[in-house]
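What the coordinates show
Each chain, written out:
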Amino acid sequence: MMWFQVIARELRSEARQPYAYWTRVGAAGIALIIGGIWTLDKGSWDWSGVEVFEIVQPTLFSLIWLAGPVLTCDSISRERREGTLGLLLLTRLQPGDIGLAKACSGMVRALTMVLAVLPMLSISLLLGGVSGADLLRAGLMDVMALLGAVGAGLLASSRCRNFSRAALLALIYAALTLLFLGSLQTFFYIMNHRLSHAEDWLAVMLAGPWVLCAGFPSVWRYTGGVSTTVYLWLSAGQVLLAGLFVCLVLRGLNRNLRAVATETGRSARQEWWWRVFCTPRWFTGWLKRRQQWLLNRNPIGWLQRRTWSARLSTWGWLGVVTVAESAMVLGGGGSLSDIRDLQLWLGGLVAVGLAFSAADSFRGERETGALELLLVAPLKVRQIITGRLFGLWGQYVLVFGLLVGLWWYASGWHGPAWGRGWMGLANELGQARGLMFLVFLSTFMLLPVIGLHQSMVRKHFISSWLLTITLGLILPLLLPGSLFYGMLLLWFGLNWGWGIVLTPTLFVVVGISLQALLAAWAAHRLHRNLSRRLFATR
């Protein structure tokens, strides 16, 4: 039972980290924000228990799959970077004990998010209407998500030493694991629905494991996904498959962990993967000329964009957005309203990815000591900051340009209307939609500034990433929107009518202005800290 001591060591270490608190706050905050968005879309505070359950459960399920692998992916790679994995193996611990302890500690980390969202899930039970079958199915799906996310994070952590690469690999493993584990319910759904078009098959096979297992609104009630006994048995089978997946990962760690601890470079298998999937094979001459041009024009930005992971981030996000837009059009949901809603969700996801890249920007230079070399080079601090900003902007300019163009096409433009009643509100919302492209542009320009500041002052990546999202997205953009709709419901609740005070355009401008102020503050602090050589050490 020596692995209990490793779990205690992990939990004591994690309890002192700031991001442990921010993870819980972020999970509860995201659930509240998504609930607020659905409330605004519904236009009423009259909620039933089933409606609350259909918002909180998919949010929790998605959070586990997104944050669970990231929270676990550094458990073994950190030991390898710090050289403590070999010391653990010199004790009486077996490699399997270390893997089991890491899996249990990762499970506890992910459970903190569940506990943070659990009070909101209990509201649906108090309101009533949630069946016992749906509750049991949700519990089984969340357990499956915990096991699958932790297994994907452990598998990625054993294969990478660098945190950012381990996090990216863990998210890829998590997506593949979700596709595999959710295939049981997906195949059962396909057998009960005769799909005649190839695009329907493709949409169900790709989105079905997430949509059916998460329990999105109306999926478990009206679309053939009702929580019958068959679906409950399928859910239990998915939990068993997830547990088998974790056991296979632990068996692999028990067999290969000693070899992993003694590796100083890439293994033969990693060399093969690197040569096949990460080495450029086409347009190599153009790529060399492009990299040489970037190096001569902006060497600091070249450091941001020179790696294959940076290129994967650029073209990967562009591919995700293109596939999502194409799937919507092929699936028959190509109305302007549907396109606008999709742009908001995709814009939020891409903004989270931009915050990820910005929060991880200077971390590698800090850990390797290259930042001190940059500061003593014949470069001004302003050149270092702007060079890295241009590198980040160049990394995401294509995908943000696509989102802004599609939003401009789908939003239309309505002139200002200062009438009374809901017609004036509709016209004002139309004008605010026309201005939302400025929100996309401000997020693209200003969010990297906040992320660079956080990457300099925070030791741990997760805390800098969460703070970047909070200061760059949640606080300046979602808070004014929530304030507007809260005042709107109060205004009409008191029968005061529609007035100039509650113009949505005003709140859009306030959000952009607040984002600009926070970015200016972050830029000032970043310049001052770099000038004084004040930044977080390892």
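Quick caveat, the model's predicted, so the values are computed rather than measured. (Residues numbered from 1 in each chain as written. Predicted model: local features only at pLDDT ≥ 70, side-chain atom pairs only at ≥ 80, totals over all residues. Heavy atoms only, no water.)

1. Concerning the overall build of the protein
- Check the secondary structure of the protein and you find 22 helices and zero strands.
- Counting every position in the protein, which comprises 538 residues, the buried fraction comes to 47%.
- Sequence-distant contacts in the protein: of pairs separated by 6 or more residues, those separated by 24 or more amount to 80%.
- Counting only carbon and sulfur atoms, one obtains 69% of the accessible surface of the protein, whose full area is about 26,400 Å². (Helix = DSSP H or I, 4+ residues; strand = E, 2+ residues; numbered from the N terminus. Buried < 20%, exposed > 50% of the residue type's maximum accessible area, 1.4 Å probe, protein only. Contact = heavy atoms within 4.5 Å. Areas by Shrake-Rupley, 256 points an atom, 1.4 Å probe, with all protein chains shown as cover.)

2. A short note on the environment of Val-320
- Mapped onto the elements, Val-320 comes out in helix H15 (residues 308-330).
- Spatially, the C-alpha atoms of Val-320 and Val-350 are 9.6 Å apart, while their sequence positions differ by 30 residues.

3. Comments concerning the environment of Leu-146
- The residue Leu-146 is located in helix H7 (residues 132-157) in this model.
- Judged by its relative accessible area of 8%, Leu-146 falls in the buried class.
- Separated by 85 residues in the primary sequence, Leu-146 and Phe-61 place their C-alpha atoms 8.9 Å from one another.
- Sequence-distant contacts of Leu-146, defined by excluding residues within four places in its chain, comprise Ile-64, Met-107, Ala-110 and Leu-111.

4. A look at the side chain of Gln-185
- Positionally, Gln-185 belongs in helix H9 (residues 183-192).
- Reaching out from Gln-185, the side chain makes a polar contact with the side chain of Arg-137 at a distance of 2.7 Å.
- Within the structure, the side chain of Gln-185 is placed 3.3 Å from the side chain of Ser-235, a separation counted as a polar contact.
- In this structure, Gln-185 is in contact with Arg-137, Met-141, Leu-212, Cys-213, Tyr-231, Leu-234, Ser-235 and Gln-238, ignoring residues within four places of it in sequence. (Polar contact = N/O pair within 3.5 Å; in protein donor to acceptor, adjacent residues only side chain to side chain.)

5. Considerations on the packing of helix H3 (residues 49-72) against helix H8 (residues 163-181)
- One can describe the packing of H3 onto H8 by two numbers: an axis separation of 7 Å at closest approach and a directional angle of 140 degrees. Looking at the two axes, H3 sits oblique to H8. The chirality of how H3 crosses H8 is right-handed. Here Phe-61, Trp-65, Leu-66, Pro-69 and Val-70 of H3 lie close against H8, whose contacting residues are Phe-163, Ala-170, Leu-171, Ala-174, Thr-177, Leu-178 and Leu-181. (Axes fitted to C-alpha atoms, helices over the stretch in contact; angles between N-to-C directions. Parallel < 35°, antiparallel > 145°, perpendicular 65-115°, else oblique. Left-handed = near helix turned anticlockwise from the far one by under 90°.)

6. Here's the deal with the packing of aromatic side chains
- For the structure on display, the rule yields four aromatic pairs.
- An angle of 85 degrees between the planes, with centres 5.2 Å apart, marks the rings of Phe-390 and Trp-393 as edge-to-face. With Phe-390 and Trp-393 both in helix H19 (residues 381-411) and three residues apart, the pair spans about one turn of that helix.
- Relative to Phe-444, the ring of Phe-400 has its centre 5.3 Å away and its plane inclined at 45 degrees; by these criteria the two rings are tilted. Here the residue Phe-400 occupies a position in helix H19, and Phe-444 occupies one in helix H20 (residues 421-457), the gap between them amounting to 44 residues.
- Classification of Phe-400 as buried rests on a relative accessible area of 3%. (Phe/Tyr/Trp six-rings, centres within 6.5 Å; stacked < 30°, edge-to-face > 60°.)

7. Quick look at the pattern of salt bridges
- With the rule as written, the count across this model stands at three salt bridges.
- Between Glu-79 and Lys-102 there is a salt bridge, with its nearest N and O atoms 2.8 Å apart. With Glu-79 in helix H4 (residues 77-82) and Lys-102 in helix H6 (residues 95-127), this pair connects stretches of sequence that are 23 residues apart.
- For Glu-79, a relative accessible area of 1% gives the class buried.
- According to the relative accessible area criterion, Lys-102 is buried, its value standing at 1%.
- We note a salt bridge from Arg-363 to Asp-360, for which the minimum N-O separation is 2.6 Å. Neither residue differs from the other here; Arg-363 and Asp-360 are each classed as buried. (Salt bridge = Lys/Arg side-chain N within 4 Å of Asp/Glu carboxyl O.)

8. Details of the confidence of the model for the protein
- The predicted model of the protein averages 78 in pLDDT, with 79% of residues at 70 or higher.
- The weakest mean pLDDT in the protein belongs to helix H2 (residues 18-42) at 67; the strongest belongs to H7 at 89.
- The low-confidence segment residues 413-426, where pLDDT is below 50, has 27 contacts with residues more than four positions distant or belonging to other chains.
- In the model, residues 496-501 has pLDDT below 50 throughout and makes 21 contacts with residues more than four positions away in sequence or in other chains. (pLDDT = per-residue confidence, 0-100.)

9. As for a positive patch on the surface
- Together, Arg-159, Arg-251, Arg-255 and Arg-269 give the surface a local cluster of positive charge.
- By the element assignment, Arg-269 lies in helix H12 (residues 268-277).
- Judged by relative accessible area, Arg-269 falls into the exposed class, the value being 55%. (Patch = residues over 30% accessible without salt bridge, like charges linked within 9 Å, V, L, I, M, F, W, Y side chains within 5 Å. Lys, Arg positive; Asp, Glu negative; His and termini not counted. Charge placed at Lys NZ, Arg CZ, Asp CG, Glu CD.)

10. Observations regarding the packing of H3 against H6
- Where H3 contacts H6, the two axes come as close as 9 Å, and the packing angle between them is 175 degrees. Between H3 and H6, the angle is such that the two are roughly antiparallel. On H6, the residues that touch Gly-49, Val-52, Phe-53, Val-56, Gln-57, Leu-60, Leu-63, Ile-64, Ala-67, Gly-68, Leu-71 and Thr-72 of H3 are Gly-106, Arg-109, Met-113, Val-114, Val-117, Met-120, Leu-121, Ser-124 and Leu-127.
- Split by residue class, the contact of H3 with H6 holds 14 nonpolar, six polar and one charged. (Nonpolar A, V, L, I, M, F, W, Y, C, P; charged D, E, K, R; others polar.)

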